[in-house]
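Reading the structure
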Amino acid sequence: MTLTVTGRFDDGSAYQVQVTGEPDRPVIGSARAAALVELHAGESILLTPAGPLRTVIGDDEKSVLAVLRRYSNVVESGERTEGPARLAPLD
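In this text, all values refer to a predicted model and were calculated from it rather than measured experimentally.

Our next topic: the overall build of the chain. Of the regular secondary structure elements, the chain holds 2 helices and 6 strands. For the chain, the N- to C-terminal ordering of α and β elements is β-β-β-α-β-β-α-β. With 91 residues in all, the chain has 40% of them scored as buried. Put simply, 43% of the contacts in the chain that link residues at least 6 apart link residues at least 24 apart. Accessible area for the chain stands at about 5400 Å²; split by element, carbon and sulfur atoms hold 49% of it.

Right, here's the structure in full:
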């Protein structure tokens, strides 16, 4: 499953990335978003405010999405499809 995520960083800079599920390149489309995910790799993060807790690893799309949601303002996330994007569940 490839997710497309659109969001903004705290300074207002917008980004749109694909969460690939690949361990060596978990995010493509924004060097800044990729660096953010790399910075938090190996840390534990809540997938939702109530949990569960997961370790951030590149091939775990849910943990990568949780990093983007926690450290930036995610406006939209959904599966990459030919039609309109659908929101992807966290768990």
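To continue, consider the confidence of the model for the chain. In the predicted model, the chain carries a mean pLDDT of 89, and the fraction of residues at 70 or more is 86%. For the stretch residues 81-87, pLDDT sits under 50, and the model shows 7 contacts to residues farther than four places along the chain or on other chains.

This next bit is on the nonpolar core. Ranked by size, the top nonpolar core spans 19 residues in total, and within it Val5, Tyr15, Val17, Ala33 and Leu68 carry the most contacts. Beyond its immediate sequence surroundings of up to four residues, Tyr15 is in contact with Val5, Thr6, Gly7, Arg8, Phe9, Ser30, Ala33, Leu68, Ser72 and Val74.

Throughout the structure, instances matching the rule amount to 2 salt bridges. Its salt-bridge partner being Arg32, residue Asp11 comes within 3.0 Å of it at the nearest N-O pair. Here Asp11 is found in the loop between strand E1 (3-8) and strand E2 (14-19), whereas its partner Arg32 is found in helix H1 (residues 31-40), with 21 residues between them in sequence. For Asp60, the salt bridge goes to Arg54, with nearest N and O atoms at 3.3 Å. We classify Arg54 as partly exposed; its relative accessible area is 27%.

Our next topic: the packing of H1 against helix H2 (residues 61-71). Across the interface, H1 lies against H2 with an axial gap of 10 Å and an inter-helix angle of 105 degrees. Our classification of the angle between H1 and H2 gives roughly perpendicular. Between H1 and H2, the contacting residues are Ala33, Leu36, Val37 and His40 on the first element and Val64, Val67, Leu68 and Tyr71 on the second. For the contact of H1 with H2, the residue count by class is 7 nonpolar, 1 polar and no charged.

Conventions we followed
Residues numbered from 1 in each chain as written. Predicted model: local features only at pLDDT ≥ 70, side-chain atom pairs only at ≥ 80, totals over all residues. Heavy atoms only, no water. Helix = DSSP H or I, 4+ residues; strand = E, 2+ residues; numbered from the N terminus. Buried < 20%, exposed > 50% of the residue type's maximum accessible area, 1.4 Å probe, protein only. Contact = heavy atoms within 4.5 Å. Areas by Shrake-Rupley, 256 points an atom, 1.4 Å probe, with all protein chains shown as cover. pLDDT = per-residue confidence, 0-100. Core = buried A, V, L, I, M, F, W, Y, C linked by side-chain atoms within 4.5 Å. Salt bridge = Lys/Arg side-chain N within 4 Å of Asp/Glu carboxyl O. Axes fitted to C-alpha atoms, helices over the stretch in contact; angles between N-to-C directions. Parallel < 35°, antiparallel > 145°, perpendicular 65-115°, else oblique. Nonpolar A, V, L, I, M, F, W, Y, C, P; charged D, E, K, R; others polar.

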